[in-house]
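Overview (structure and organization)
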Amino acid sequence: MNLLSIILLNETHGKLYEWLDSFVNMTKIAVFAKGTITTLELTLLSMALGSILGLIISLGRISRSKILKSITWVYVWIFRGTPLLLQIIIVYLAIPLMYLDITGEALRIPGFVAAIIALTLNTAAYLAEIFRAGIQSIDKGQMEASKALGMSYSQAMFKVIIPQSISRVIPPYSNEFIMILKDTSLVSVIGITELYREASRLSSGSGDWRLLFIAAGVYLFLTTISTYFFAKVEKRTTRYL
Amino acid sequence: MAKNIDNTNHMIKVEKVNKYFGDLHVLKDVDFKVNEGEVVCVIGPSGSGKSTLLRCLNHLERITSGKVYIDNEMVDYRVDDKDAMHIDHKKVTEMCSELGMMFQRFNLFPHKTALGNVTLAPITVKKIDKEAAEEQGKKLLDSVGLGDKYDEYPSRLSGGQQQRVAIARAMAMDPKILLFDEPTSALDPELVGEVLEVMKKLALSGMTMMVVTHEMGFAKEVADRVVFMDDGRVVEEGKPSEIFNNPKSQRLKEFLSLTS
């Protein structure tokens, strides 16, 4: 009985080991790690920059100025209404070509920079709508009370309204974070070697289909961790309720 | 032009104010004054325009036409919904901090503790350093009987306690005038007394107050003058004894018979 289970355990152990071994032997872990890091860099950088830009745009969307309102509306309209894939290629290819046509000078945008620009501009449009909804969901009485206390519009915004809207914004923000995390795979079209591109290159080179499943697993791992992280943050920001 | 030789200091003066919400005419040629140190209660049925009048004083609503003076300074002058004077928004903001306002729904900042609510405006607007603001804030909370609630969030306080925090919060800006917009209407009956008690203390300390209220007992006891509004007009005003014991207009008589 005992002997049998040991043999069985060894058997499965052996198989798993063999499988992992082949994986390691192909020196793929390093490549995967590098791709994963690039994916994370793309996600975190574009989300950080996109959050700042998105907040500015959302403030434009709710401002009383008709000009600001329409400029920011057009921005959101364009970036939500066209494919991200096309936006990436336009930043990387069309803009430099357009620049060349107009000025006669060459403009080279490095692939990584182009990727960050496109992802940032795209996510800013979505985040602006998320922030706007969050800000507008705060009771009107909060702005009135702030004004009655002598606060300016921006003081009221940054000290009273925005801090309260954070907890309401986190769930859709978390959602957008995950979308961008997955959509970073699109920048592979301009040659960025992030997780998806590394996996598909290695897999098509060796015919090893398992690599694609592993890539999916890594994405799933990253999105799960992010979801968990944002749920924790949400809990922290609602502790006063 | 003859100078105004009236030597009482008008903290609030409203001249021929009209206010429309779309087609709805809510204030009709309203003239209204509050002298320094005076406690004026504004009573009247709902929809009579009394809250709107109050909100027009600190630009929470803009008047459609007329003039508004606060502490002898013109803060709003409009003709046909257009500014008839240059509105200096910075000055308006400054003026707002001279008017402390209490709301029906308290409007405390839910993400701040009681003390945080009281110190936020002094720190951000007056740029007082945090320690001094907290020291002052604690004294103010003590004075409204909330010395043991500094670190509580509004969600953990009763309505009466919240309104008292709101009073402390307004007092932290050293206002010259306090405006109350039905401060006890949202409270459970047993919590009304504690808020009125604090308001009475303020009135006795010589604070200039304008109180829109349904608390006739408070108006009778504390007000120097009672103003009765109906259908966007000031219908009758006078000492509480005159208003409550000897109403002249038919509408005030009807109103009083309904509320008592």
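Rules behind the numbers
- Residues numbered from 1 in each chain as written.
- Chains lettered and ligands numbered in written order.
- Predicted model: local features only at pLDDT ≥ 70, side-chain atom pairs only at ≥ 80, totals over all residues.
- Heavy atoms only, no water.
- Helix = DSSP H or I, 4+ residues; strand = E, 2+ residues; numbered from the N terminus.
- Buried < 20%, exposed > 50% of the residue type's maximum accessible area, 1.4 Å probe, protein only.
- Areas by Shrake-Rupley, 256 points an atom, 1.4 Å probe, with all protein chains shown as cover.
- Core = buried A, V, L, I, M, F, W, Y, C linked by side-chain atoms within 4.5 Å.
- Contact = heavy atoms within 4.5 Å.
- Pairing = 2+ DSSP bridges.
- Polar contact = N/O pair within 3.5 Å; in protein donor to acceptor, adjacent residues only side chain to side chain.
- Buried area = accessible area lost by both parts, 1.4 Å probe.
- Salt bridge = Lys/Arg side-chain N within 4 Å of Asp/Glu carboxyl O.
- Nonpolar A, V, L, I, M, F, W, Y, C, P; charged D, E, K, R; others polar.

The next thing to look at is the overall build of chain A. In terms of regular secondary structure, chain A is built from nine helices and zero strands. Counted from the first residue to the last, chain A has its helices and strands arranged as α-α-α-α-α-α-α-α-α. In chain A, which comprises 241 residues, the proportion classed as buried is 41%. When the accessible surface of chain A is summed, it comes to about 13800 Å², and 69% of that surface belongs to carbon and sulfur atoms.

This part is about the nonpolar core. Membership of the largest hydrophobic core comes to 49 residues, with the highest contact counts inside it found for Ile12(B), Phe32(B), Ile70(B), Leu179(B) and Met210(B). The element contributing the most residues to this core is helix α7 (residues 153–183) of chain A, with five residues. With sequence-adjacent residues up to four places away left out, Phe32(B) is seen in contact with Ile12(B), Lys13(B), Val14(B), Val40(B), Val42(B), Leu53(B), Met210(B) and Val227(B). Within the second largest apolar cluster, 48 residues are counted, among which are Ala172(B), Val192(B), Leu196(B) and Val222(B).

All names here are of chain B. Counting through the fold element by element, Leu179 comes out in strand β8 (residues 177–181). Taking relative accessible area as the criterion, Leu179 reaches 0% and is therefore assigned buried. Apart from the residues lying within four places of it in its own chain, the contact partners of Leu179 are Ile12, Leu54, Leu57, Asn58, Leu99, Gly100, Met101, Met102 and Met210.

Residues and elements named next belong to chain B. On the basis of which strands lie adjacent, the open sheet formed by five strands has the order β2-β1-β4-β5-β6 and antiparallel pairing. The open sheet is flanked by β2 (24–35) and β6 (82–83), the only strands paired with a single partner. Bridging between strand β5 (residues 73–79) and β6 involves two bridges; their strand directions are antiparallel. By the bridge assignment, Arg78 is partnered in β6 with Asp83.

The subject of this paragraph is the side chain of His111(B). Mapped onto the elements of the fold, His111(B) is located in the loop between β7 (99–102) and α3 (114–124). Among the residues examined, His111(B) registers a relative accessible area of 13% and is labelled buried. A distance of 3.0 Å separates a polar atom in the side chain of His111(B) from the backbone oxygen of Lys159(A). Among all residues touching His111(B), those that are not within four sequence positions of it are Lys159(A), Val160(A), Pro163(A), Gln164(A), Tyr240(A) and Tyr153(B).

We now examine the side chain of Ser185(A). The topology assignment puts Ser185(A) in the loop between α7 and α8 (195–206). A distance of 2.7 Å separates a polar atom in the side chain of Ser185(A) from the backbone oxygen of Lys182(A).

Before going further, it helps to spend a moment on the interface of chain A and chain B. Each side of the interface is counted separately: chain A has 19 residues, and chain B has 25 residues. Summed over both partners, the interface of chain A with chain B comes to about 1800 Å²; 66% of that surface belongs to carbon and sulfur atoms. When the buried area of chain A at its contact with chain B is split by residue, Glu144(A), Leu149(A) and Tyr240(A) rank highest and sum to 35% of it. Across the contact surface, chain A and chain B share one salt bridge. Measuring nitrogen to oxygen at the nearest pair gives 2.5 Å for the salt bridge that ties Glu144(A) to Arg55(B). Where chain A touches chain B, the interface holds five residue pairs in polar contact (both at pLDDT 80 or more). Elements that contribute at least two residues to the side of chain A that touches chain B include exactly α6 (140–148) and α7 of chain A. No other element matches the seven residues that α6(A) contributes to the side of chain A that touches chain B. Its residues placed into classes, the side of chain A that touches chain B shows eight nonpolar, seven polar and four charged.

By themselves, these are just geometric observations and shouldn't be taken as functional.
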